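Structural characterization, general
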Amino acid sequence: MIQETISTATSELQALPQSCSPIPRTWLGRMRPLGALFLAALLTGAAAPWPDEPSRTCFFQMLSGGDSFFCRGDLEVIYPELGDVGCSYIPKCHQYRERISREWGSPRVRYPQADKNKKYVLMLVDPDVPSRANPRSRFWRHWLVTNIPGANLRTGDVKGHVLTDYVRPTPPPRSGYHRYQLLLHEQPEHEAITLSPEERISLGSWAMESFVKQFRLGSPVASTQFLTKYHQD
């Protein structure tokens, strides 16, 4: 029974040591520390901490169900101290939700399968504005970069033509979790990608699907997302 419980728990969570060093993007690395932690909790009767609870040890809860299906292609989004946050909730411990909203700049975005001879388009959007239950202003554009060389994406260095400067994830109070979705598209050759004057005026209610169709971007070659909410909720 203990082994089954540990197996279930480790498939959903990632333990982050208090040293907060970057985390390798491997499931094996995520599961090893958790087996011991959950075994100790089970044997002592202690409750295991979750992302909203204060703890000396910080946990990632991995996305599940439909939210996890969005994550495909091994796209990595790497923030300071947290490492790759793709397909996970941002934990509240160590003020990570506040720091991602107020302190940290744009993440490194790494795509190991990028073709060195191609260029790419990267988008970061929030489809849950003002809330997931009432997304009347989707999509909110948080970052849009074109002409990114494939060689740069292999190392996580997002350098290209910035159409929208990076805007930190800032979910409003009491609006629940917001999905922050990164989509990576191959950029068609000789395609000059721009935003219309109307699109440049506002970040909200962006017709992302029309933008993708207009510039013949097709389906993303990779995508991922992370979820976070207002840091005091």
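No experiment lies behind these values; they were computed from the predicted model shown.

The subject of this paragraph is the overall build of the protein chain. Secondary structure summary: the protein chain contains seven helices and eleven strands in total. Contacts in the protein chain between residues at least 24 apart in sequence constitute 75% of all its contacts with a sequence separation of at least 6. In the structure as shown, the protein chain presents an accessible area of about 11700 Å², 52% of it carried by carbon and sulfur atoms.

In this section: the packing of aromatic side chains. Evaluation of the coordinates by the stated rule reveals nine aromatic pairs. The interplanar angle of 85° and the centroid separation of 5.8 Å between the aromatic rings of Y79 and F226 together place this pair among those described as edge-to-face. Of the two residues, Y79 sits in strand 3 (residues 76-79) while F226 sits in strand 11 (residues 222-228), which places them 147 residues apart along the sequence. Since its relative accessible area comes to 2%, Y79 is described here as buried. Ring pairs connect the aromatic residues Y79, Y96, W104, Y180 and F226, which therefore count as one cluster. Residue placement shows R138 over the ring face of F139; its charged tip is 5.7 Å from the ring centre. Here the basic side chain of R141 rests over the ring of W206, its NZ or CZ set 5.1 Å away from the ring centre.

Residue position: T164 is located in strand 9 (residues 161-164). A distance of 2.7 Å separates a polar atom in the side chain of T164 from a polar atom in the side chain of R141. Residues contacting T164, with those up to four places away along its chain left out, are R141, H142, W143, L144, L195 and L203.

The element strand 7 (residues 119-126) is largely enclosed, with a buried count of seven among its eight residues. Inspection of the sheet shows strand 7 paired to strand 10 (residues 178-186) by six bridges, in the antiparallel sense. Counted as the bridge partner of L122 is L184 from strand 10.

As a further point, take the sheet that holds strand 3. Pairing is antiparallel in the open sheet, where three strands are placed in the order 4-3-6. Strand pairing shows two members of the sheet lacking a second neighbour, strand 4 (83-84) and strand 6 (108-110), which therefore form its edges. When strand 3 meets strand 4, the two strands line up antiparallel, connected through two bridges. Its bridge partner being in strand 4, I78 is matched across the sheet by D84.

Summary statistics for the protein chain give a mean pLDDT of 82 and a share of 76% for residues scoring 70 or more. Within the model, pLDDT remains below 50 along residues 1-51, and this stretch shows 82 contacts once partners closer than five positions in the same chain are excluded.

Within this structure, the stated rule accounts for two disulfides. Residue pairing for C58: its cysteine sulfur links by disulfide to C93, the two sulfurs lying 1.8 Å apart. Between C58 and C93 the disulfide shows an S-S torsion of about 70°. By sign, it is right-handed. Separated by 35 residues along the polypeptide, C58 in strand 2 (residues 58-61) and C93 in the loop between strand 5 (88-89) and helix 4 (96-102) bring together distant segments of the chain.

Quick look at the nonpolar core now. With 33 residues, the main nonpolar core has Y79, L82, V85, Y111, L182 and F226 as its most contacted residues. At the level of secondary structure, the elements contributing two or more residues to this core comprise strand 2, strand 3, helix 4, strand 7, strand 8 (140-149), strand 10 and strand 11. When near neighbours in sequence (up to four residues on either side) are disregarded, Y111 contacts G73, D74, L75, Y120, L153, R154, L184, V221 and A222. In this structure, L144, L183, L195 and L217 belong to the second largest nonpolar core, which totals 14 residues.

We now examine the sheet that holds strand 7. With respect to topology, six strands assemble into an open sheet ordered 5-11-10-7-8-9, the strand pairing being mixed. Across the chains shown, the open sheet's two edge strands, defined by having one partner strand only, are strand 5 and strand 9. Judged from the seven bridges that link them, strand 7 and strand 8 form a sheet pairing that is antiparallel. In the strand pairing of strand 8, L122 is matched with V145.

Here we take up the environment of C71. Its location among the elements puts C71 in the loop between helix 3 (65-69) and strand 3. Considering only alpha carbons, one finds C71 and Q181, 110 residues apart in sequence, at a separation of 9.1 Å. When neighbours within four sequence positions are excluded, C71 is seen to be in contact with C87, S223, T224 and Q225.

The rules we used
Residues numbered from 1 in each chain as written. Predicted model: local features only at pLDDT ≥ 70, side-chain atom pairs only at ≥ 80, totals over all residues. Heavy atoms only, no water. Helix = DSSP H or I, 4+ residues; strand = E, 2+ residues; numbered from the N terminus. Contact = heavy atoms within 4.5 Å. Areas by Shrake-Rupley, 256 points an atom, 1.4 Å probe, with all protein chains shown as cover. Phe/Tyr/Trp six-rings, centres within 6.5 Å; stacked < 30°, edge-to-face > 60°. Buried < 20%, exposed > 50% of the residue type's maximum accessible area, 1.4 Å probe, protein only. Lys NZ or Arg CZ within 6 Å of the ring centre and 35° of its normal. Polar contact = N/O pair within 3.5 Å; in protein donor to acceptor, adjacent residues only side chain to side chain. Pairing = 2+ DSSP bridges. pLDDT = per-residue confidence, 0-100. Disulfide = S-S within 2.5 Å. Core = buried A, V, L, I, M, F, W, Y, C linked by side-chain atoms within 4.5 Å.

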